[in-house]
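# Working through the structure, step by step
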Amino acid sequence: MKGTRRKLVVLGLGAVGLAGALTLAAFVAPSRNAAAAATYVPTDGAQVIARVPVRDAGELAARRSLASSPERVELAVELARADIRRYRAESDPRYLGRAQATLARWWDLAEPPADVLLVRATIRQSLHDFTGARGDLDRLVALRPDDAQAHLTRAVVATVSGDYVRARESCAAAGRMLGMLVAASCDAPLDGIAGHADTAYARLSTTLAQSRRAARELRGWALTALAELAIMRGQTDAAALHLRAALALDADDTYARNLLADVLLATHHAAEVSSLLAGRESVDSHLVRLAIAEHQTRGARETATTRAMRERIEAAALRGDRVHLREEAMFALAVESDAPRALKLARDNWNVQKELADARLLAETAVAANDPDAAAPVIAWARKTSVRDAWLERSLTQLGVTR
Amino acid sequence: MKRLLVIAIVFTSATAWAHKPSDAHLRLAVSGETLSGRLDIAVRDLDGALGLDGDLDGTVTWRELTTAAPRIAAYVESRLAIAGDGAPCPLALGAPALTDLSDGAYWAVPITARCPRAPEALTFSYRLLFDVDAQHRGLVHVADQTLILRDGTPVRAQLDETTSFGTFVLEGVWHIWIGFDHILFLVCLILPAVFPRRGGRWQPAESLREVGREVLEIVTAFTLAHSITLVISTVGLVSLPSRFIETAIAASVVAAAANNLVRGIDARWAVAFALGLLHGFGFSSVLLDLGLPSDQLVGSLLGFNLGVELGQLAIVMVTLPLLYWIRRTLAYQAILWAGSSAVALLGLVWTYERFVA
């Protein structure tokens, strides 16, 4: 009865296999699910365990003074500003927490001192609490109509929130105080969204050409704004040029670097993205673009980069953060190929911020998930603003939207 | 030369620590009145709170850390309090070590807390680091929950003993009853049992016992196969992309149905075993979505699997006698042929949908 014996052998092996699997599970599972990383004890006292911000004497003295006289708001504001500068330079969110802690005494006040308002708004903006930031900034410009920085910040936050009226108000105010280059750079995205990318581009590039003596940060900002207009006009080569110029002025300009990575990814130069972002994996927004580039060049879905990205997403979820919804949606769409999840994230993201990049993302994920109804907010926004953007048009056409 | 290069690359990527907001992790397991586990705090954060960088050179060395160990312990003990049902559970810190998370090295100190009696709920008063980093979060992992502690206000965790075996059994039963692809696969394999081939011709079966034995073989083979893959996939030993698995499961339904039409393989127990391996992966993704208690993993696995088998058994115990009863009728032939065709078609649709999705 060869058949029976064979049957018995296979089923017998199956039973053994099951027993083995269960035994392995009992051993493997605890280490997988316990999720506590392995510990170690160094043997060399000189081994560097962590790099920490250098404490300079001035800052230490300021902190000591603040500790003994906690009501000295000007000290606190200066310390917080220093941390925000570090945040901008390194894209390290711990500095935001430090800045906020320095202002703890005034943080929950509805009407803190004006200097605190600006710093608080900046921190809130970085944490994507745009509603909170706008409240602070509206109050601030009412208190100090001549505060150019306040107006600039307000313009940016209002643009991100889709409040173009207030954005233009503040752009005009900042422009009056700080000059034509600021005015043109501030207006650029607003004009682009209103469907006037061509004239805005001409205006800004002329102004920039005439502002060779302007400060580096201003020129960098103008170049990035110019690049965004170029992308809207479908001129990705020009955009890349402007962005590289911006990065030459400030290699730590995270925004410009990300935008350049997006241009390279969209124009199928994924291999260049890896070198563009090499060594900058610490920054989440860079890491996700690296992962997307790896996926595009190697079809890789399981690499050190994608694993690191998933860890970051999990870590953020664990602490209840939703700061990087846009990046999570991009990752879900491009690397995990999980269109429904990407769409959900894109929708949640749209509720928080309404930049052109967010509109493109929502439209793209709606196309990928084959859910045109989900794109209704974007379609409404596009109709209302009359925006003309090369990348967005592609998605809108696929959604069957006629203009 | 090549070796140096490899080392250099490894070193570089190891220093690309994530820039993320500040978190500390407190993991505790509850055993009666004793809580035990570990507290992990980023060394960088401890420096921010206590100033560990003695020589102000921008680095914290192991020596600087061990020198500061008593201060760190005092800091933790003064700012962390755990109460069980309102009564304090005194903490004891053990010998610290280090652990590496995505954003750098963490101070990892074993923690034990002894409550006066076995608690039903724990209250955590955690005040570390908020005064130097307002975005710091204390994450407490206990009893399969994660609590987010954010500003020093005490937070309560209910300790629920009953994420029970029974719940997982019921989930298993439910998921096989709603798993039409699994059911159809199994039913297709069972269908011909009441009309087996003997001596080159197909005839109605003579006895329920003979039918029963064949069905038992098929069901056992299916059970063993999907149990194995359920286990190894759930614990993460093997991980296959879900799109592939779902498509393959749909294809297996087509295969089982088509086998009835062309009468290809008689040893359907072998088909049940081979293709049953795929079905286990499918069950695993369901089970993982339910969420598994980390300290009762094997129990919940067994419970879920048992539920699947019970559900399966119920289906077989209903279908088999019915099929046996009508085996000589035209109705049976219709079910066998038209039914298998319909299932094959449905399976093809599923395969296409799942592949394209």
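Each remark here, short or long, concerns the structure printed above.
Residues numbered from 1 in each chain as written. Chains lettered and ligands numbered in written order. Predicted model: local features only at pLDDT ≥ 70, side-chain atom pairs only at ≥ 80, totals over all residues. Heavy atoms only, no water.

### A closer look at the overall build of chain B
Definition in use: Secondary structure elements follow DSSP: runs of H or I no shorter than four residues count as helices, runs of E no shorter than two count as strands, and numbering proceeds from the N terminus. Only C-alpha atoms enter the radius of gyration; for comparison, a globular chain is expected to reach 2.2 Å times N to the power 0.38, where N is the number of residues. Relative accessibility thresholds used throughout: buried, under 20% of the residue-type maximum; exposed, over 50%; partly exposed, between the two (1.4 Å probe, protein chains only). Any two residues having at least one pair of non-hydrogen atoms within 4.5 Å are treated as being in contact. For every accessible area listed, the method is Shrake-Rupley and the probe measures 1.4 Å; residues are considered covered only by the protein chains on display. A positive count includes Lys and Arg, and a negative count includes Asp and Glu. His and the chain ends are not counted in either. To locate a charge, take atom NZ for lysine, CZ for arginine, CG for aspartate or CD for glutamate.
Assigned secondary structure in chain B consists of ten helices and 14 strands. Against the globule reference of 21 Å for 357 residues, chain B gives a C-alpha radius of gyration of 29 Å, more extended than a compact globule. Projecting the C-alpha coordinates of chain B onto the three principal axes gives extents of approximately 90 × 60 × 30 Å. The buried share among the 357 residues of chain B stands at 50%. A sequence separation of at least 24 residues applies to 71% of the contacts in chain B between residues at least 6 apart. Within the structure as shown, chain B displays about 16200 Å² of accessible surface, and the carbon and sulfur contribution to it stands at 65%. Each charge class in chain B was averaged separately, 26 positive and 32 negative side chains, and the resulting centres sit 10 Å apart.

### Side note on the environment of Leu189(B)
Residues and elements named next belong to chain B. With respect to the secondary-structure elements, Leu189 resides in helix α5 (residues 180–190). Along the sequence, Leu189 and Leu26 sit 163 residues apart, while their C-alpha atoms lie 51 Å from each other. When sequence neighbours within four positions are dropped, the list of residues in contact with Leu189 reads Ile218, Ala256, Arg268, Val271 and Ala272.

### What to know about the side chain of Thr102(A)
Residue and element names in this part refer to chain A. Here is the rule: Counting of polar contacts relies on pairs of N or O atoms within 3.5 Å, with two restrictions inside protein: one atom must be capable of donating a hydrogen and the other of accepting it, and residues adjacent in sequence are counted only when both atoms are side-chain atoms.
Mapped onto the elements, Thr102 comes out in helix α4 (residues 94–102). According to the relative accessible area criterion, Thr102 is buried, its value standing at 10%. Of the polar contacts made by the side chain of Thr102, one reaches the backbone oxygen of Arg98; its length is 2.8 Å. Not counting chain neighbours up to four residues away, the residues in contact with Thr102 comprise Arg63, Leu66, Ala76, Leu79, Ala80 and Asp83.

### Some thoughts on the pairing of strand β1 (residues 23–31) of chain B
Residue and element names in this part refer to chain B. Cut-off, in case you're wondering: What makes two strands pair is DSSP finding at least two bridges between them.
Here six bridges tie β1 to strand β10 (residues 137–142), and the two strands are oriented parallel to one another. If you follow Leu26 over to β10, its bridge partner there is Val140. As defined by bridge partners, β1 adjoins strand β2 (residues 34–42) across seven bridges and the pair is classed as antiparallel. For Val30, the partnering residue across the bridge sits in β2 and is Leu35.

### Here's the deal with the sheet that holds strand β5 (residues 87–88) of chain B
Residue and element names in this part refer to chain B. The condition is simple: To define axes, lines are fitted to C-alpha atoms, for helices over the stretch in contact only, and angles between the resulting N-to-C directions are given on a 0 to 180 degree scale.
Pairing within the open sheet is antiparallel, and its four strands lie in the order β5-β4-β9-β12. Looking at the sheet topology across the chains shown, the edges are occupied by β5 and β12 (155–158). Pairing of strand β9 (residues 121–126) with β12 involves four bridges; the strand directions are antiparallel. For Ala121, the partnering residue across the bridge sits in β12 and is Gln158. Docked against the sheet, helix α3 (residues 62–79) engages β4 (80–84) and β9, running at close to 40 degrees with respect to β4.

### Things to note about the interface of chain B and chain A
Buried accessible area, meaning the area lost when the parts come together, often serves as the stated size of an interface. To keep things clear, this is the line we draw: Simply put, the buried area is the total loss of 1.4 Å probe accessible area from both parts when two parts are fitted together. What counts as a salt bridge is simple: a side-chain nitrogen of Lys or Arg found within 4 Å of a carboxyl oxygen of Asp or Glu.
The interface is formed by 69 residues belonging to chain B together with 60 residues belonging to chain A. Between chain B and chain A, roughly 5500 Å² of surface is buried when both sides are summed, and carbon and sulfur atoms account for 63% of that area. The interface formed by chain B and chain A includes four salt bridges. For the salt bridge of Asp45(B) with Arg94(A), the shortest nitrogen-to-oxygen distance reads 2.7 Å. Looking at the side of chain B that touches chain A, the element that brings in the most residues is helix α6 (residues 208–234) of chain B, giving eight residues. When strand β2 (residues 48–51) of chain A meets strand β3 (residues 59–61) of chain B, the two strands line up antiparallel, connected through three bridges. Residue pairing in the sheet places Val48(A) in a bridge with Thr61(B) of β3(B).

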